[in-house]
Amino acid sequence: VNKPGTYYLRESRSFFEILSEAGGIKTDSAGNYLIMKRKLPDSKEEFTEIKIPLLKGELERDVEVFEGDIIKVPEGKFFISGEIGKPGFYPIHEDLNIFQGIIIAGGFAKTADENNVKLRRDDGKESLLVDVERLRKALEKGGANSKEVEEQIKEIKLRDGDMIFVPTSFFYTE
């Protein structure tokens, strides 16, 4: 959210109202869901977790929020592996694209195939093969003005849960 902190309730309110008071969701870095922890009835220490899905940074449904509820907005993350400097999970900040994700993860290893980077999203339902080297060259030459390159760059903006795999180059030999 844009204004994180503790918000006190005198009466129950809607999730939409609370998020609005907190400045709304940071759509460019939020995960795919919000988590609300609520005390179980007749229990002082036990909580239940309710996952509330987000669709493009917006709540899919409203939920009533009661005194004592705890709301968490997890940060979006992507995973990168293969022939990369530092494979692992990384947070998504703002309009992070695949180029920036590779740089954050330590850049390509010398064994990397920069022309066949795989981007999987939506739990593997969507898979893209990205020629990162070709797109980089097009950007350096000012090719971002071309509609095709613009669309490809938009398509490779990283989203929560994205998985990037950088394969070994077929032509690499030690």
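Residues numbered from 1 in each chain as written. Predicted model: local features only at pLDDT ≥ 70, side-chain atom pairs only at ≥ 80, totals over all residues. Heavy atoms only, no water.

Digging into the pairing of strand β9 (residues 117-121)
Phase 1: Along β9, the buried face is formed by Val117, Leu119 and Arg121; none of Lys118 and Arg120, which line the opposite face, is buried.
Phase 2: Bridge analysis of β9 against strand β10 (residues 126-130) gives five bridges, and the strand direction is antiparallel. Across the sheet, residue Leu119 finds its bridge partner in β10, namely Leu128.
Phase 3: With antiparallel pairing between neighbouring strands as the criterion, β9 and β10 make up a hairpin whose turn holds four residues, including Asp122 at a positive phi of roughly 55°.
Phase 4: Across three bridges, the pairing between β9 and strand β11 (residues 163-166) is antiparallel. Each bridged residue has a counterpart across the sheet, and for Leu119 the counterpart in β11 is Ile164. (Buried < 20%, exposed > 50% of the residue type's maximum accessible area, 1.4 Å probe, protein only. Helix = DSSP H or I, 4+ residues; strand = E, 2+ residues; numbered from the N terminus. Pairing = 2+ DSSP bridges.)

What to know about the pattern of salt bridges
Phase 1: Throughout the structure, instances matching the rule amount to three salt bridges.
Phase 2: A salt bridge links Glu21 to Arg13; its shortest N-O distance comes to 2.7 Å.
Phase 3: Its relative accessible area of 22% is what places Arg13 among the partly exposed residues. (Salt bridge = Lys/Arg side-chain N within 4 Å of Asp/Glu carboxyl O.)

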